Amino acid sequence: MLAEDLKKLIEQGLPGAHVEVRDFTGGGDHFEALVVSQDFEGKTLVERHQAVYGALGDAMRAQVHALTLKTLTPAQYQQRR
Amino acid sequence: MAQDVTERIQSAVSNNKVMIFMKGTASFPQCGFSAATVQVFEQLGVPFETADVLSDPELRDGIKRFTNWPTIPQVFVGGKFIGGCDIVREMYESGDLKTLVDSVMK
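Attention here is on the structure that accompanies the text. (Residues numbered from 1 in each chain as written. Chains lettered and ligands numbered in written order. Predicted model: local features only at pLDDT ≥ 70, side-chain atom pairs only at ≥ 80, totals over all residues.)

What about the overall build of chain A?
Rules: Numbered from the N terminus, helices here are DSSP runs of H or I no shorter than four residues, and strands are runs of E no shorter than two. Put simply, the radius of gyration uses C-alpha atoms, and a globule should come to 2.2 Å times the residue count raised to 0.38.
Broken down by element type, chain A carries four helices and three strands. What you see in chain A, going N to C, is helices and strands ordered as α-β-β-α-α-β-α. A globule of 81 residues ought to have a C-alpha radius of gyration of about 12 Å, and chain A, at 12 Å, matches this closely. When the backbone C-alpha atoms are referred to their principal axes, chain A occupies close to 35 × 25 × 20 Å.

Here is the structure:
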């Protein structure tokens, strides 16, 4: 699986989200993703991660061994820059 | 069978203030993410219990269904699911984890 494909899946599941994905071993199964979405507003970290896992669906179970996730609202993202 | 594993998870989570479902054991973690999670709780210096999903396939599937969460490790504090390795690390860095753990240890 390519980082680009993973990014597309997340963007499809969370329309309007800003998504950055990095394949940190180059092996196509260990990824790091930053997801910034308005939908995360008022949600717990568990709910935010579940939303991303939901967008990935079966790919998460079958192809992705590890995904390090950072989930931010647009306001939180601005603060970090 | 499915009922059994759910009950086992429920009782582990209710009987331990900090319960970690992980790959391997606290002394011999079998995955970097599980190791990092254990390390956080060791640094906090609080007692915790672990269950090894690698030696128990039924538990490995069961815990994922229980929380609707696809990855291991999974951490429960005070009977509540708080997330996996990333969330634990993030909460540790912000100090929220210490606050939460302190509140359930009372």
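What about unusual backbone geometry?
Residues and elements named next belong to chain B. Here is the rule we go by: Counting other C-beta atoms within 10 Å of its own, a residue is labelled buried from 20 upward, exposed at 12 or fewer, and partly exposed in the gap between, with every C-beta atom placed from the backbone.
For the bond from Ile72 to Pro73, the omega torsion is 5 degrees, close enough to zero to count as cis. The residue Pro73 is located in the loop between helix H3 (57–67) and strand E3 (74–77) in this model. A positive phi angle, close to 55 degrees, is found at Asn68, a residue other than glycine. Among the secondary structure elements, Asn68 is positioned in the loop between H3 and E3. We classify Asn68 as exposed; it has 11 C-beta atoms within 10 Å.

Looking at the sheet that holds E3 of chain B
Residue and element names in this part refer to chain B. The following threshold applies: The pairing criterion for strands is at least two bridges between them, as found by DSSP. Between N-to-C directions, angles span 0 to 180 degrees; the directions come from axes that are lines fitted to C-alpha atoms, helices contributing only their stretch in contact. A pair of residues counts as a contact when their C-beta atoms, built from backbone coordinates, are within 7 Å of each other.
Reading across the sheet, the four strands line up as E2-E1-E3-E4 and stay open at both edges, with mixed pairing between neighbours. Here the strands that pair on one side only, and so sit at the sheet edges, are strand E2 (49–52) and strand E4 (80–83). For this sheet, the mean inter-axis angle between neighbouring strands, taken without regard to orientation, is 25 degrees. Note that E3 and E4 share three bridges and pair antiparallel. What sits directly across from Val77, in E4, is Lys80. Sheet strands in contact with helix H2 (residues 32–44) are strand E1 (18–22) and E3, and its direction is about 165 degrees off that of E1.

Let's talk about the pairing of E1 of chain B
Residue and element names in this part refer to chain B. Where we set the bar: Viewed with both strands pointing away, a crossover whose connecting path from the first strand over the helix to the second turns clockwise is right-handed.
With five of five residues buried, E1 is to be regarded as a mostly interior element. By the alternation rule, side chains of E1 split into Val18, Ile20 and Met22 and Met19 and Phe21, which are all buried. Both E1 and E2 contribute to a ladder of four bridges, which runs parallel. From the neighbouring strand, Met22 faces E2, where its bridge partner is Asp52. Handedness of the E1-H2-E2 crossover: right-handed.

Some words on the interface of chain B and chain A
This is how the line gets drawn: Throughout this entry, Asp, Glu, Lys and Arg are counted as charged residues, while Ala, Val, Leu, Ile, Met, Phe, Trp, Tyr, Cys and Pro are counted as nonpolar. The remaining residues, Gly among them, count as polar.
The interface is formed by 10 residues belonging to chain B together with 10 residues belonging to chain A. For the side of chain B that touches chain A, the secondary structure elements donating two or more residues are E4 and helix H4 (85–94) of chain B. Here the residues of the side of chain B that touches chain A sort into six nonpolar, two polar and two charged.

Concerning the sheet that holds strand E2 (residues 30–36) of chain A
All names here are of chain A. If you trace the three strands from one edge of the open sheet to the other, you get E1-E2-E3, paired in mixed fashion. Strand pairing shows two members of the sheet lacking a second neighbour, strand E1 (18–23) and strand E3 (66–72), which therefore form its edges. Averaged over all pairs of adjacent strands, the angle between strand axes in this sheet comes to 15 degrees, irrespective of strand direction. Examined bridge by bridge, E2 and E3 share seven bridges and lie parallel to one another. In the sheet register, Leu34 faces E3, and the bridge partner there is Lys70. Contacts from helix H1 (residues 3–13) reach E1 and E2 within the one sheet, and its direction differs from that of E1 by about 155 degrees. This element, helix H2 (residues 45–56), spans E2 and E3 of the sheet and lies at about 120 degrees to E3.

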